[in-house]
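Survey of secondary and tertiary structure
Chain by chain, the residues run as shown.
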Amino acid sequence: MKILANDGIATIGKQQLETAGFTVVTETVPQNDLIQTINNENYVALLVRSATTVRKDLIDACPSLKLIGRGGVGMDNIDVAYAREKGLHVINTPASSSQSVAELVMAHLFGAVRFVYDANRQMPTSGITEFKTLKKKYAKGLELRGKTLGIIGFGRIGQATASYALGCGMNVVYTDPFAEKTTINVKVGNQLVAVELTSYTKEQVLTKADFISLHIPKLGQPTIGNEEFARMKDGVIIINTARGGVVDEDALIAHLNSGKVAHAALDVFENEPTPREDLLKHPKISLTPHIGAATLEAQDRIGEELASQIKELLL
Ligand code: NAD
(Lines give C-alpha, C1' and ligand atoms only; values in the text may rest on other atoms or scores of the structure.)
Protein backbone atom coordinates (compact mmCIF):
# COMPACT_ATOMS: atom_id res chain seq x y z
CA MET A 1 0.00 0.00 0.00
CA LYS A 2 1.31 3.42 -0.95
CA ILE A 3 1.33 6.51 1.24
CA LEU A 4 2.00 10.05 0.02
CA ALA A 5 3.49 12.24 2.76
CA ASN A 6 3.05 15.43 0.78
CA ASP A 7 4.44 17.83 3.38
CA GLY A 8 7.10 15.35 4.54
CA ILE A 9 7.32 13.00 7.52
CA ALA A 10 10.16 12.43 10.03
CA THR A 11 12.54 9.63 9.04
CA ILE A 12 11.59 7.54 12.06
CA GLY A 13 7.89 7.56 11.06
CA LYS A 14 8.75 6.72 7.46
CA GLN A 15 10.94 3.83 8.58
CA GLN A 16 8.26 2.43 10.88
CA LEU A 17 5.72 2.51 8.05
CA GLU A 18 8.17 0.92 5.60
CA THR A 19 9.01 -1.82 8.10
CA ALA A 20 5.27 -2.53 8.29
CA GLY A 21 5.20 -2.96 4.50
CA PHE A 22 3.97 0.43 3.26
CA THR A 23 5.68 2.38 0.49
CA VAL A 24 6.10 5.97 1.61
CA VAL A 25 6.70 8.75 -0.92
CA THR A 26 7.82 12.11 0.47
CA GLU A 27 8.15 14.15 -2.71
CA THR A 28 5.84 17.15 -2.65
CA VAL A 29 3.23 17.07 -5.39
CA PRO A 30 1.88 20.55 -6.28
CA GLN A 31 -1.68 21.08 -5.03
CA ASN A 32 -3.08 21.23 -8.59
CA ASP A 33 -1.57 17.86 -9.56
CA LEU A 34 -2.57 16.02 -6.40
CA ILE A 35 -5.77 14.37 -7.62
CA GLN A 36 -4.14 13.00 -10.75
CA THR A 37 -1.06 11.75 -8.87
CA ILE A 38 -3.08 10.05 -6.12
CA ASN A 39 -5.18 8.26 -8.76
CA ASN A 40 -2.24 7.32 -11.00
CA GLU A 41 -0.23 5.94 -8.07
CA ASN A 42 -3.18 4.45 -6.18
CA TYR A 43 -2.24 6.07 -2.88
CA VAL A 44 -4.26 4.80 0.09
CA ALA A 45 -3.18 7.51 2.49
CA LEU A 46 -2.37 11.19 2.15
CA LEU A 47 -0.34 12.76 4.96
CA VAL A 48 -0.16 16.53 5.24
CA ARG A 49 0.98 19.24 7.63
CA SER A 50 -0.37 22.73 7.04
CA ALA A 51 0.74 23.38 3.45
CA THR A 52 -1.39 20.87 1.52
CA THR A 53 -5.17 21.26 1.58
CA VAL A 54 -7.59 18.36 1.34
CA ARG A 55 -10.98 19.61 0.22
CA LYS A 56 -14.22 17.94 -0.92
CA ASP A 57 -13.19 17.91 -4.60
CA LEU A 58 -10.07 15.87 -3.83
CA ILE A 59 -11.93 13.53 -1.48
CA ASP A 60 -14.60 12.91 -4.16
CA ALA A 61 -12.09 12.47 -6.98
CA CYS A 62 -9.74 9.99 -5.23
CA PRO A 63 -11.57 6.72 -4.48
CA SER A 64 -8.34 4.91 -3.54
CA LEU A 65 -7.84 7.11 -0.45
CA LYS A 66 -8.67 5.45 2.84
CA LEU A 67 -6.93 7.79 5.24
CA ILE A 68 -5.96 11.44 5.59
CA GLY A 69 -3.37 12.21 8.26
CA ARG A 70 -2.40 15.60 9.63
CA GLY A 71 0.98 15.78 11.31
CA GLY A 72 0.16 18.28 14.06
CA VAL A 73 -3.03 19.61 15.59
CA GLY A 74 -5.17 22.03 13.56
CA MET A 75 -7.13 20.45 10.72
CA ASP A 76 -8.44 23.67 9.11
CA ASN A 77 -6.80 22.56 5.84
CA ILE A 78 -8.86 19.35 5.67
CA ASP A 79 -12.64 18.93 5.13
CA VAL A 80 -12.72 16.57 8.09
CA ALA A 81 -16.48 16.04 8.50
CA TYR A 82 -16.96 15.43 4.78
CA ALA A 83 -14.08 12.96 4.60
CA ARG A 84 -15.42 11.02 7.59
CA GLU A 85 -18.92 11.04 6.06
CA LYS A 86 -17.37 9.39 2.99
CA GLY A 87 -15.86 6.68 5.21
CA LEU A 88 -12.25 7.91 5.29
CA HIS A 89 -10.17 7.84 8.45
CA VAL A 90 -8.97 11.32 9.38
CA ILE A 91 -6.24 11.41 12.01
CA ASN A 92 -3.96 13.97 13.61
CA THR A 93 -1.33 14.02 16.36
CA PRO A 94 -2.59 16.47 18.99
CA ALA A 95 -0.27 15.53 21.86
CA SER A 96 3.02 15.36 20.02
CA SER A 97 4.00 19.03 20.20
CA SER A 98 2.70 20.14 23.62
CA GLN A 99 6.13 20.00 25.24
CA SER A 100 7.68 21.99 22.38
CA VAL A 101 5.10 24.77 22.71
CA ALA A 102 5.52 24.81 26.49
CA GLU A 103 9.28 25.23 26.14
CA LEU A 104 8.78 28.14 23.73
CA VAL A 105 6.54 29.81 26.32
CA MET A 106 9.32 29.47 28.89
CA ALA A 107 11.90 30.74 26.37
CA HIS A 108 9.81 33.86 25.79
CA LEU A 109 9.24 34.29 29.50
CA PHE A 110 12.92 33.99 30.45
CA GLY A 111 13.80 36.30 27.56
CA ALA A 112 11.18 38.85 28.59
CA VAL A 113 12.05 39.23 32.26
CA ARG A 114 15.75 39.87 31.45
CA PHE A 115 15.14 41.87 28.22
CA VAL A 116 17.11 39.31 26.22
CA TYR A 117 14.99 39.89 23.12
CA ASP A 118 15.67 43.65 23.18
CA ALA A 119 19.34 43.39 24.16
CA ASN A 120 19.76 41.13 21.13
CA ARG A 121 18.25 43.83 18.95
CA GLN A 122 20.36 46.67 20.40
CA MET A 123 23.77 45.10 21.02
CA PRO A 124 24.76 44.60 17.36
CA THR A 125 24.15 48.27 16.55
CA SER A 126 24.97 50.03 19.84
CA GLY A 127 26.92 47.50 21.90
CA ILE A 128 30.28 49.20 21.31
CA THR A 129 29.27 52.84 21.59
CA GLU A 130 26.47 52.55 24.17
CA PHE A 131 27.52 49.60 26.32
CA LYS A 132 27.07 51.37 29.65
CA THR A 133 23.73 52.88 28.63
CA LEU A 134 22.41 49.48 27.57
CA LYS A 135 23.74 47.89 30.77
CA LYS A 136 21.68 50.41 32.75
CA LYS A 137 18.65 50.02 30.48
CA TYR A 138 18.44 46.27 31.12
CA ALA A 139 19.44 46.38 34.79
CA LYS A 140 15.95 46.00 36.26
CA GLY A 141 15.28 42.40 35.33
CA LEU A 142 13.06 40.04 37.29
CA GLU A 143 13.41 36.42 38.39
CA LEU A 144 10.73 33.86 37.54
CA ARG A 145 11.09 31.85 40.76
CA GLY A 146 8.34 32.80 43.20
CA LYS A 147 6.24 34.61 40.60
CA THR A 148 2.75 33.49 39.60
CA LEU A 149 2.03 32.25 36.11
CA GLY A 150 -1.65 32.44 35.10
CA ILE A 151 -2.65 29.88 32.48
CA ILE A 152 -5.87 30.29 30.52
CA GLY A 153 -6.86 26.94 29.00
CA PHE A 154 -5.51 23.93 30.83
CA GLY A 155 -5.40 21.22 28.19
CA ARG A 156 -2.31 19.53 26.80
CA ILE A 157 -0.14 22.61 26.28
CA GLY A 158 -1.42 24.50 29.33
CA GLN A 159 -0.54 21.54 31.55
CA ALA A 160 2.85 21.02 29.90
CA THR A 161 3.60 24.71 30.49
CA ALA A 162 2.54 24.38 34.12
CA SER A 163 4.98 21.53 34.64
CA TYR A 164 7.89 23.69 33.41
CA ALA A 165 6.78 26.69 35.45
CA LEU A 166 6.37 24.60 38.62
CA GLY A 167 9.77 23.06 37.94
CA CYS A 168 11.24 26.59 37.94
CA GLY A 169 9.75 27.29 41.35
CA MET A 170 6.85 29.39 40.06
CA ASN A 171 3.29 29.32 41.36
CA VAL A 172 0.65 28.36 38.82
CA VAL A 173 -3.00 29.45 38.73
CA TYR A 174 -5.20 28.34 35.87
CA THR A 175 -8.71 28.59 34.54
CA ASP A 176 -10.44 25.94 32.48
CA PRO A 177 -14.15 25.05 32.69
CA PHE A 178 -13.36 21.44 31.78
CA ALA A 179 -10.49 20.79 34.20
CA GLU A 180 -11.69 21.54 37.71
CA LYS A 181 -8.86 19.63 39.42
CA THR A 182 -5.62 18.60 37.78
CA THR A 183 -2.52 16.73 38.89
CA ILE A 184 0.65 17.94 37.21
CA ASN A 185 3.60 15.58 37.31
CA VAL A 186 6.74 17.69 37.48
CA LYS A 187 9.92 15.93 36.44
CA VAL A 188 12.70 16.69 38.92
CA GLY A 189 15.85 14.77 38.02
CA ASN A 190 14.55 11.25 37.55
CA GLN A 191 11.67 11.66 39.97
CA LEU A 192 8.11 12.75 39.30
CA VAL A 193 6.60 15.11 41.84
CA ALA A 194 2.79 15.30 41.74
CA VAL A 195 1.37 18.81 42.21
CA GLU A 196 -2.39 19.16 42.73
CA LEU A 197 -3.98 22.28 41.23
CA THR A 198 -7.56 23.56 41.20
CA SER A 199 -9.17 25.77 38.59
CA TYR A 200 -9.87 29.43 39.36
CA THR A 201 -12.26 31.74 37.54
CA LYS A 202 -10.82 33.67 34.63
CA GLU A 203 -11.20 36.89 36.66
CA GLN A 204 -9.20 35.42 39.54
CA VAL A 205 -6.42 34.33 37.21
CA LEU A 206 -6.29 37.78 35.63
CA THR A 207 -5.92 39.49 38.99
CA LYS A 208 -3.50 37.01 40.63
CA ALA A 209 -1.00 36.44 37.82
CA ASP A 210 2.30 38.21 37.26
CA PHE A 211 2.52 36.60 33.82
CA ILE A 212 -0.33 35.20 31.71
CA SER A 213 -0.02 32.50 29.06
CA LEU A 214 -2.89 31.55 26.75
CA HIS A 215 -3.59 27.95 25.75
CA ILE A 216 -7.17 27.90 24.52
CA PRO A 217 -8.65 27.46 21.08
CA LYS A 218 -9.72 30.59 19.25
CA LEU A 219 -13.23 31.39 20.40
CA GLY A 220 -15.66 33.85 18.75
CA GLN A 221 -14.47 36.90 20.68
CA PRO A 222 -10.89 37.60 21.78
CA THR A 223 -10.35 36.00 25.19
CA ILE A 224 -8.15 38.94 26.22
CA GLY A 225 -9.43 42.42 25.37
CA ASN A 226 -9.72 45.79 27.12
CA GLU A 227 -11.92 44.48 29.92
CA GLU A 228 -9.48 41.68 30.77
CA PHE A 229 -6.40 43.93 30.55
CA ALA A 230 -8.05 46.31 33.02
CA ARG A 231 -8.24 43.51 35.64
CA MET A 232 -4.57 42.51 35.36
CA LYS A 233 -1.71 43.55 37.61
CA ASP A 234 0.26 46.58 36.45
CA GLY A 235 3.38 45.40 34.64
CA VAL A 236 1.89 42.06 33.63
CA ILE A 237 3.52 40.01 30.86
CA ILE A 238 1.28 38.29 28.26
CA ILE A 239 2.34 35.30 26.17
CA ASN A 240 0.23 34.11 23.26
CA THR A 241 1.27 30.87 21.58
CA ALA A 242 -2.34 29.76 21.05
CA ARG A 243 -3.88 31.41 18.00
CA GLY A 244 -3.91 34.90 16.54
CA GLY A 245 -7.02 36.73 17.68
CA VAL A 246 -7.13 35.11 21.13
CA VAL A 247 -5.61 38.41 22.29
CA ASP A 248 -7.14 41.57 20.80
CA GLU A 249 -4.12 43.09 19.03
CA ASP A 250 -5.40 46.72 19.18
CA ALA A 251 -6.06 46.43 22.91
CA LEU A 252 -2.65 44.80 23.45
CA ILE A 253 -0.80 47.65 21.74
CA ALA A 254 -2.80 50.26 23.68
CA HIS A 255 -1.99 48.59 27.03
CA LEU A 256 1.69 48.14 26.15
CA ASN A 257 1.86 51.82 25.25
CA SER A 258 0.11 52.87 28.46
CA GLY A 259 2.56 50.78 30.53
CA LYS A 260 -0.18 48.55 31.98
CA VAL A 261 1.37 45.59 30.17
CA ALA A 262 5.16 45.48 30.56
CA HIS A 263 5.79 43.01 27.79
CA ALA A 264 4.09 40.69 25.32
CA ALA A 265 5.44 37.59 23.60
CA LEU A 266 3.71 36.46 20.44
CA ASP A 267 4.17 33.32 18.39
CA VAL A 268 0.79 33.70 16.63
CA PHE A 269 -0.87 36.61 14.87
CA GLU A 270 -4.32 37.56 13.62
CA ASN A 271 -3.14 38.18 10.11
CA GLU A 272 -0.72 35.30 9.47
CA PRO A 273 1.36 35.11 7.36
CA THR A 274 1.46 38.91 7.15
CA PRO A 275 1.30 40.17 10.75
CA ARG A 276 0.80 43.87 11.31
CA GLU A 277 3.96 45.92 11.29
CA ASP A 278 3.26 47.86 14.48
CA LEU A 279 3.29 44.57 16.39
CA LEU A 280 6.49 43.40 14.73
CA LYS A 281 8.28 46.66 15.42
CA HIS A 282 6.96 47.24 18.93
CA PRO A 283 9.83 47.61 21.42
CA LYS A 284 7.95 45.69 24.13
CA ILE A 285 7.04 42.60 22.11
CA SER A 286 9.23 39.55 21.58
CA LEU A 287 8.33 37.60 18.49
CA THR A 288 8.55 34.20 16.86
CA PRO A 289 6.93 33.21 13.54
CA HIS A 290 4.49 30.48 14.72
CA ILE A 291 7.21 27.97 15.61
CA GLY A 292 5.69 26.65 18.84
CA ALA A 293 5.48 23.07 17.63
CA ALA A 294 8.57 23.21 15.46
CA THR A 295 11.19 21.07 17.17
CA LEU A 296 12.98 18.02 15.84
CA GLU A 297 11.70 16.00 18.79
CA ALA A 298 8.10 16.97 18.02
CA GLN A 299 8.57 16.04 14.36
CA ASP A 300 9.83 12.61 15.42
CA ARG A 301 6.89 12.14 17.81
CA ILE A 302 4.50 13.24 15.04
CA GLY A 303 6.03 10.72 12.62
CA GLU A 304 5.84 7.91 15.17
CA GLU A 305 2.28 8.79 16.21
CA LEU A 306 1.11 8.87 12.58
CA ALA A 307 2.86 5.56 11.83
CA SER A 308 1.31 3.79 14.77
CA GLN A 309 -2.20 5.04 13.98
CA ILE A 310 -1.87 4.15 10.29
CA LYS A 311 -0.68 0.62 11.10
CA GLU A 312 -3.63 0.16 13.43
CA LEU A 313 -6.18 1.50 10.95
CA LEU A 314 -4.95 0.16 7.62
CA LEU A 315 -3.29 -3.19 8.35
P1 NAD B 1 -6.34 21.35 24.21
O2 NAD B 1 -7.62 21.11 23.48
O3 NAD B 1 -5.61 20.21 24.78
O4 NAD B 1 -6.58 22.43 25.37
C5 NAD B 1 -7.40 23.55 25.24
C6 NAD B 1 -8.06 23.76 26.58
O7 NAD B 1 -8.78 25.00 26.56
C8 NAD B 1 -9.07 22.66 26.96
O9 NAD B 1 -8.70 22.04 28.17
C10 NAD B 1 -10.39 23.41 27.08
O11 NAD B 1 -11.21 22.90 28.11
C12 NAD B 1 -9.89 24.82 27.40
N13 NAD B 1 -10.88 25.86 27.16
C14 NAD B 1 -11.80 25.95 26.16
N15 NAD B 1 -12.52 27.08 26.31
C16 NAD B 1 -12.03 27.71 27.40
C17 NAD B 1 -12.35 28.93 28.06
N18 NAD B 1 -13.31 29.72 27.64
N19 NAD B 1 -11.62 29.28 29.16
C20 NAD B 1 -10.63 28.49 29.63
N21 NAD B 1 -10.30 27.32 29.04
C22 NAD B 1 -10.98 26.95 27.95
O23 NAD B 1 -5.42 22.15 23.17
P24 NAD B 1 -3.83 22.28 23.19
O25 NAD B 1 -3.23 21.19 22.37
O26 NAD B 1 -3.39 22.50 24.57
O27 NAD B 1 -3.67 23.63 22.32
C28 NAD B 1 -3.93 24.91 22.90
C29 NAD B 1 -3.78 26.00 21.85
O30 NAD B 1 -2.45 25.99 21.32
C31 NAD B 1 -4.71 25.84 20.66
O32 NAD B 1 -5.21 27.11 20.31
C33 NAD B 1 -3.79 25.36 19.55
O34 NAD B 1 -4.26 25.75 18.28
C35 NAD B 1 -2.52 26.10 19.91
N36 NAD B 1 -1.28 25.52 19.36
C37 NAD B 1 -0.30 26.37 18.96
C38 NAD B 1 0.88 25.87 18.45
C39 NAD B 1 1.99 26.79 18.00
O40 NAD B 1 2.78 26.41 17.14
N41 NAD B 1 2.10 27.98 18.55
C42 NAD B 1 1.08 24.48 18.33
C43 NAD B 1 0.07 23.63 18.77
C44 NAD B 1 -1.12 24.17 19.28
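Just above sits the structure.
Residues numbered from 1 in each chain as written. Predicted model: local features only at pLDDT ≥ 70, side-chain atom pairs only at ≥ 80, totals over all residues. Heavy atoms only, no water.

**Some points on the overall build of the chain**
Counting its regular elements, the chain contains 13 helices and 13 strands. Expressed along its principal axes, the backbone C-alpha trace of the chain runs to roughly 65 × 45 × 40 Å. Taking all 315 residues of the chain together, 47% fall into the buried category. For the chain, the proportion of contacts with a sequence separation of at least 24, taken over those separated by at least 6, is 58%. Of the roughly 15800 Å² that the chain leaves accessible, carbon and sulfur atoms contribute 51%. Averaged over its 33 positive side-chain charges, the chain has a centre that lies 7 Å from the centre of its 35 negative ones. (Helix = DSSP H or I, 4+ residues; strand = E, 2+ residues; numbered from the N terminus. Buried < 20%, exposed > 50% of the residue type's maximum accessible area, 1.4 Å probe, protein only. Contact = heavy atoms within 4.5 Å. Areas by Shrake-Rupley, 256 points an atom, 1.4 Å probe, with all protein chains shown as cover. Lys, Arg positive; Asp, Glu negative; His and termini not counted. Charge placed at Lys NZ, Arg CZ, Asp CG, Glu CD.)

**Observations regarding the site of the ligand**
Neighbouring residues of the ligand: 21 residues in total, closest Ile-157, Asp-176, Ile-216, Thr-241 and Asp-267. Gly-292 places a polar main-chain atom, nitrogen or oxygen, 3.3 Å from an oxygen atom of the ligand. The protein chains hide 81% of the 870 Å² of surface that the ligand would expose on its own. When atoms are counted within 2 Å of each cavity's grid points, the one that captures over half of the ligand is the largest pocket. Grouping the constituent residues of the shell around the ligand by class yields 10 nonpolar, seven polar and four charged. (Near = heavy atom within 4 Å. Polar contact = N/O pair within 3.5 Å; in protein donor to acceptor, adjacent residues only side chain to side chain. 1 Å grid on protein atoms, 1.4 Å probe; cavity = no way out; pocket = protein on both sides within 12 Å on 5 of 7 lines; lining within 4 Å. Sits in = over half its atoms within 2 Å of the grid points. Nonpolar A, V, L, I, M, F, W, Y, C, P; charged D, E, K, R; others polar.)

**Some remarks on the nonpolar core**
Nonpolar side chains in soluble globular proteins generally cluster together in the buried interior. Core analysis: the largest hydrophobic core is formed by 26 residues, its most contacted members being Ile-152, Ile-212, Ile-224, Phe-229, Met-232, Ile-238 and Leu-252. Residue assignment for this core shows that the elements contributing at least two residues are helix 9 (202-208), strand 10 (211-214), strand 11 (236-240), helix 11 (249-258) and strand 12 (261-266). In terms of residue count, helix 11 provides more of this core than any other element does, four residues in total. Dropping the residues within four chain positions of it, Ile-224 is found in contact with Ile-152, Leu-206, Leu-214, Phe-229, Met-232, Val-246, Val-247 and Asp-248. (Core = buried A, V, L, I, M, F, W, Y, C linked by side-chain atoms within 4.5 Å.)

**Remarks on the sheet that holds strand 3 (residues 43-48)**
If you walk across this open sheet you meet the five strands as 2-1-3-4-5, and the pairing is parallel. Strands with a single pairing partner mark the edges of an open sheet, and in this sheet they are strand 2 (23-25) and strand 5 (89-92). Strand after strand, the sheet turns through a mean of 20° between neighbouring axes, direction not considered. Bridging between strand 1 (residues 2-5) and strand 2 involves three bridges; their strand directions are parallel. Opposite Ile-3, over in strand 2, you have Val-24 as the bridge partner. Relative to the sheet, helix 13 (residues 296-314) contacts strand 1, strand 3, strand 4 (67-70) and strand 5, its axis offset from that of strand 5 by approximately 160°. (Pairing = 2+ DSSP bridges. Axes fitted to C-alpha atoms, helices over the stretch in contact; angles between N-to-C directions.)

**A closer look at the layout of surface pockets**
Quantified by volume, the largest pocket comes out at close to 1300 Å³. As for the largest pocket, its lining consists of 45 residues, and the residues nearest its centre are Val-73, Gly-74, Ile-157, Ala-242 and Arg-243. For the lining of the largest pocket, the secondary-structure elements that each account for two or more residues are helix 8 (156-167) and helix 13. Reported here for the second largest pocket is a volume of approximately 230 Å³. Elements represented by at least two residues in the lining of the second largest pocket include exactly helix 5 (98-113), helix 6 (116-126) and strand 12. In the lining of the second largest pocket, the residues fall into nine nonpolar, three polar and four charged. (Points joined across faces, edges and corners; volume = space filled by probe spheres on them.)

**Things to note about a negative patch on the surface**
A cluster of like negative charges, contributed by Glu-103, Glu-297, Asp-300 and Glu-304, occupies part of the molecular surface. The dominant element in the negative patch, judged by the number of residues it contributes, is helix 13, at three residues. By the element assignment, Asp-300 lies in helix 13. Given the relative accessible area of 35%, Asp-300 is considered partly exposed. (Patch = residues over 30% accessible without salt bridge, like charges linked within 9 Å, V, L, I, M, F, W, Y side chains within 5 Å. Salt bridge = Lys/Arg side-chain N within 4 Å of Asp/Glu carboxyl O.)

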